[in-house]
Amino acid sequence: MLRLEFLFTLAQALDDALVKAPPMGYNSWNHFGCTLNQEELLKTAASLKDLGFLELGYRYFVLDDCWMAKTRGVTLEADSNAFPSGIKDFGQKLHEMNFLFGIYTCRGVSTCEGRPSSRDHEEADAKAFAEWEVDFVKNDACWDPDCGPEQPTVPGSGICDIEGRRKAVLRYQRMKDAMNRTGRPMVHSLAGWQPWFAVVGSQLAHMWRVGADVKDWDGVYEATRIMEQLREYHGAQGWNDPDMLLGSSRGATLKLTPLQSRAQFSLWALMPAPLMLGANVLELSPYDALTYSNLEAIEINQDPLVTPAEVVYHNCPPYPRFVMGQRADGAPEFELHTNGVQDPGVVCGAHTAPNCPACCQGHGEGWCHGECEWLGERGNGNPDDDQNCVLSEKAKKKPAAENNPNPWQRKDLKESSMHQCQQVWVRRLTNGQVALVAVNFASKAATVDLPLSQLRLPWGDETPSILWDVWHVAKAPEQVHGHLKLALEANGGHYMLKLEQKSTQEDLPAKDFKEVSLRASLQMPSDPLVNGSVQGTGTMTEFVMGGFLPITNDGTGAWSIFALLLLVPAVLWFCRGQSKSPHRLD
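Residues numbered from 1 in each chain as written. Predicted model: local features only at pLDDT ≥ 70, side-chain atom pairs only at ≥ 80, totals over all residues. Heavy atoms only, no water.

Per an unreviewed UniProt entry, the protein is named Alpha-galactosidase, and its organism is Durusdinium trenchii. Quoted verbatim from the Sequence similarities (unreviewed entry) field of UniProt, the annotation for the protein is "Belongs to the glycosyl hydrolase 27 family." Per UniProt, the protein has the following entry under Catalytic activity (unreviewed entry): "Hydrolysis of terminal, non-reducing alpha-D-galactose residues in alpha-D-galactosides, including galactose oligosaccharides, galactomannans and galactolipids." (UniProt positions renumbered as here; feature names shortened; annotations may be inferred.)

Trainee: Explain the overall build of the protein to me, using residue names and the numbers behind them.
Mentor: When helices and strands are tallied, the protein shows 14 helices and 25 strands. When each of the 586 residues of the protein is scored for burial, the buried share is 56%. In the protein, 73% of the contacts between residues at least 6 apart in sequence involve partners at least 24 apart. Total accessible area on the protein is roughly 24,000 Å²; 51% of this is exposed by carbon and sulfur atoms. (Helix = DSSP H or I, 4+ residues; strand = E, 2+ residues; numbered from the N terminus. Buried < 20%, exposed > 50% of the residue type's maximum accessible area, 1.4 Å probe, protein only. Contact = heavy atoms within 4.5 Å. Areas by Shrake-Rupley, 256 points an atom, 1.4 Å probe, with all protein chains shown as cover.)

Trainee: How would you sum up helix α7 (residues 197-204)? Please name residues and give values.
Mentor: Along α7, eight of the eight residues are buried, which leaves the element largely enclosed by surrounding structure. Taken together, the buried positions of α7 are occupied by Phe197, Ala198, Val199, Val200, Gly201, Ser202, Gln203 and Leu204. Elements that come into contact with the buried residues of α7 comprise α6 (162-182), β5 (187-190), β6 (207-209), β7 (239-241), β10 (321-326) and β11 (332-337).

Trainee: Explain unusual backbone geometry to me, and be specific about the residues and the numbers.
Mentor: In this chain, methionine 271 is followed by proline 272 through a cis amide linkage whose omega measures -10 degrees. When you line up the elements, proline 272 lands in the loop between α9 (258-270) and β8 (275-277). The phi torsion at asparagine 98 lies on the positive side, around 80 degrees, for a residue other than glycine. Residue position: asparagine 98 is located in the loop between α4 (87-96) and β3 (100-106). Even without being a glycine, arginine 456 presents a positive backbone phi close to 50 degrees. Along the chain, arginine 456 turns up in the loop between β18 (446-451) and β19 (465-469).

Trainee: I'd like to hear about the packing of aromatic side chains, residue by residue, with values.
Mentor: Tallied over the entire structure, the rule returns 19 aromatic pairs. For the ring pair tyrosine 26 and phenylalanine 61, a centre distance of 4.9 Å and an interplane angle of 35 degrees mean the geometry is tilted. Note that tyrosine 26 is positioned in strand β1 (residues 24-27) and phenylalanine 61 in strand β2 (residues 60-62), a separation of 35 residues in sequence. Judged by relative accessible area, tyrosine 26 falls into the buried class, the value being 1%. (Phe/Tyr/Trp six-rings, centres within 6.5 Å; stacked < 30°, edge-to-face > 60°.)

Trainee: Provide a residue-level description of the pattern of salt bridges, including the pertinent values.
Mentor: For the coordinates displayed, the defined rule picks out 28 salt bridges. As a salt-bridge pair, aspartate 120 and arginine 171 come within 2.8 Å of each other at their nearest N and O atoms. In this pair, aspartate 120 sits in the loop between β3 and α5 (122-131) while arginine 171 sits in helix α6, placing the two residues 51 residues apart along the sequence. Across the salt bridge formed by arginine 225 and glutamate 228, the nearest N and O atoms sit 3.2 Å from each other. According to the relative accessible area criterion, arginine 225 is buried, its value standing at 3%. What emerges from the salt-bridge pattern is a single network uniting Arg107, Arg119, Asp144, Asp146 and Lys167. (Salt bridge = Lys/Arg side-chain N within 4 Å of Asp/Glu carboxyl O.)

Trainee: Talk me through the sheet that holds β6; I want residue IDs and the actual numbers.
Mentor: One open sheet accounts for eight strands, arranged β7-β6-β5-β4-β3-β2-β1-β8; its pairing is parallel. Of all strands in the sheet, those bounded by a partner on one side alone are β7 and β8. Between one strand axis and the next, the sheet turns by 25 degrees as a mean value, whatever way the strands run. Bridging between β5 and β6 involves two bridges; their strand directions are parallel. Pairing of serine 189 across the sheet is with methionine 207, part of β6. Against the sheet, α6 touches β3, β4 (136-140) and β5, its axis set at about 170 degrees to β5. (Pairing = 2+ DSSP bridges. Axes fitted to C-alpha atoms, helices over the stretch in contact; angles between N-to-C directions.)

Trainee: Can you break down helix α2 (residues 38-50) residue by residue, with the values?
Mentor: Between its terminal C-alpha atoms α2 stretches 18 Å, which fits the 18 Å expected from 13 residues at 1.5 Å a residue. Among the residues of α2, Gln38, Leu41, Leu42, Thr44, Ala45, Ser47 and Leu48 are the ones counted as buried. Its side-chain oxygen at 3.0 Å from the backbone nitrogen of glutamate 39, asparagine 37 defines the N-terminal cap of α2. With its phi angle positive at about 95 degrees, glycine 52 sits one or two positions after the end of α2. (Expected span 1.5 Å × (residues − 1). Polar contact = N/O pair within 3.5 Å; in protein donor to acceptor, adjacent residues only side chain to side chain.)

Trainee: For the side chain of serine 117, give the residues involved together with the corresponding values.
Mentor: For serine 117, the position within the fold is in the loop between β3 and α5. At a separation of 2.5 Å, a polar atom in the side chain of serine 117 contacts the main-chain carbonyl oxygen of glycine 108.

Trainee: Residues and numbers for the side chain of arginine 427, please.
Mentor: One can find arginine 427 in strand β16 (residues 422-428). Although arginine 427 is buried, it makes no salt bridge; aspartate 303 carries the closest opposite charge, 4.4 Å away. In this structure the side chain of arginine 427 is engaged in a polar contact, spanning 3.0 Å, whose partner is the backbone oxygen of threonine 307. (Lys, Arg positive; Asp, Glu negative; His and termini not counted.)

Trainee: Describe in detail the pairing of β10, supporting the description with residues and values.
Mentor: Among the six residues in β10, five count as buried, and that is most of the element. Across six bridges, the pairing between β10 and β11 is antiparallel. Counted as the bridge partner of arginine 321 is histidine 337 from β11. Where β10 folds back onto β11 in an antiparallel hairpin, the turn is made up of five residues, including glycine 330, whose phi is positive at roughly 95 degrees.

Trainee: For the nonpolar core, give the residues involved together with the corresponding values.
Mentor: Generally speaking, nonpolar side chains in soluble globular proteins are found buried as a group. In this structure, Tyr58, Phe61, Trp67, Phe83 and Phe129 are the most contacted members of the largest nonpolar core, which totals 111 residues. Excluding residues that lie within four positions of it along the chain, phenylalanine 129 makes contacts with Trp67, Leu76, Ile103, Thr105, Ser118, Val134, Val137, Met175 and Met186. By size, the runner-up hydrophobic cluster in this structure holds 19 residues, among which are Val426, Leu455, Leu457 and Leu467. (Core = buried A, V, L, I, M, F, W, Y, C linked by side-chain atoms within 4.5 Å.)

Trainee: Give a description of the state of the cysteines that names residues and reports values.
Mentor: Enumeration according to the criterion identifies seven disulfides in this entry. Between cysteine 147 and cysteine 160 runs a disulfide, and the two sulfur atoms are separated by 1.9 Å. Between cysteine 147 and cysteine 160 the sulfur-sulfur dihedral comes to about -75 degrees; the bridge is accordingly left-handed. On the criterion of sequence distance, the pair formed by cysteine 147 in the loop between β4 and α6 and cysteine 160 in the loop between β4 and α6 is long-range, its members being 13 residues apart. Judged on exposure class, the residue cysteine 147 and its partner cysteine 160 are both buried. Residue pairing for cysteine 368: its cysteine sulfur links by disulfide to cysteine 389, the two sulfurs lying 2.2 Å apart. (Disulfide = S-S within 2.5 Å.)

Trainee: Any chance you could break down the sheet that holds strand β21 (residues 483-488) for me, citing the residues and the numbers?
Mentor: Here we have three strands laid out as an open sheet, ordered β18-β21-β20, and antiparallel in their pairing. If you trace the sheet from one side to the other, it starts and ends with β18 and β20 (478-480), each paired once. Taking the axes of each pair of neighbouring strands and ignoring which way they run, one obtains an average angle of 25 degrees across the sheet.

Shown next, in the form of structure tokens:
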């Protein structure tokens, strides 16, 4: 295999200074799906601004699929029902609010929802995007006959071998070149869904998706397993994109529990990955608002020392190892080493099994489908008859995993039973500090006993460290005999810490707190959260002041909203007057 080191040069990479740090913003898909509405979208933008997210760096407001009409002219045109004043006018309204305007297209014959794409119209559409003063272009991958799912009318489709990968790269190259010729700076965001896009990503775009859509906690786990292998392709020249952030607020199509959403945000912030909000901003819970406006987490994400985070501890099952390179003609090479991973077996429908006869066992005869089908008599509860559940003719033609035309995922490895484990990620920061995120993916609580030597601290593991807790949890992790003991609750329990060498001085300089406007309801979510975030409903109220300062009540009654609002200025005054940060954990 011709290795990437000889072909991948900075001269090939985009170096326009648009994304020296991971882009931050909002994407419409998880909330609005294919039912975009100009009025509601502008309300969403206004709410983002009112809540202080624009000030914090969430600059890109990106329309996803279905903004365009169902037929195209010379260029893509806006759906007049969704955008009665036109797409350019919509973008101007965003610019007037000081947002940057993002739009969506696709390299396939149509978009994922069957709307017109930019395939074979890259030049015309790029000019239109520039004329509309677009700042960000998401370029999807659906319905690509050369590297995508099977299309009955296209012979040879349904595979993405190395030739298909070469053609996919050329399609994205055409749009990149067309965008560059307009002279307008626009972020190019690829939604190619495959790990091998990391090899060529910075030659084509500013950020690139590396796996399937993250739709749930299982998806968060798999995204981390993919990202941990792609560090060498990640940095100021462009960013691996593990997908947008799932909030916990009601109203969005996809969401996590509050605890899981904060764990995902912590991981994405540390990696560092693009931070694109996918929550329903119009009904954003106070908890989600506080999660996404944590200034310390954002500062870690945007830290100018762009060394990617690495996994220093995990006890998770093996995951296939990616071996990647690039041919002289630009095609990404992609091989999988099993790395001790068992064969995925067959997809029976909603579950997998070692083989087709096993599909029915414990599930019933109705589960002989997916990649399997009945040949002759059905099982009827007779194990011998289950042998008539056989691999379908279509499945027999399924391409090898390396040539998979669909979004990358291993369903058998992302199931809950396969991620009863914990991970610890670490990253060095510009100021000499080290940031750490520990996450429990398991359904039971766990304690990670982490030797400080594994963190490879710049000041060594013999020198005492100061822990700064980004989320201000009630119970600090313990440092005992050169070990860090991290008690993690189930299903998303996490810590996000900053470590620095302990000073000889008694106190450290006061941190510069930044107050962020938060005009949201103060009703706390009903989920009893863990790690000190919320101990039961209504027992903690948090305000955004650089990070979060917990204000606990005594359990005798809920604080009134009026009293809380009166308390905010006093707390801010008090914190600014302290000689050291209130969340230092000595």
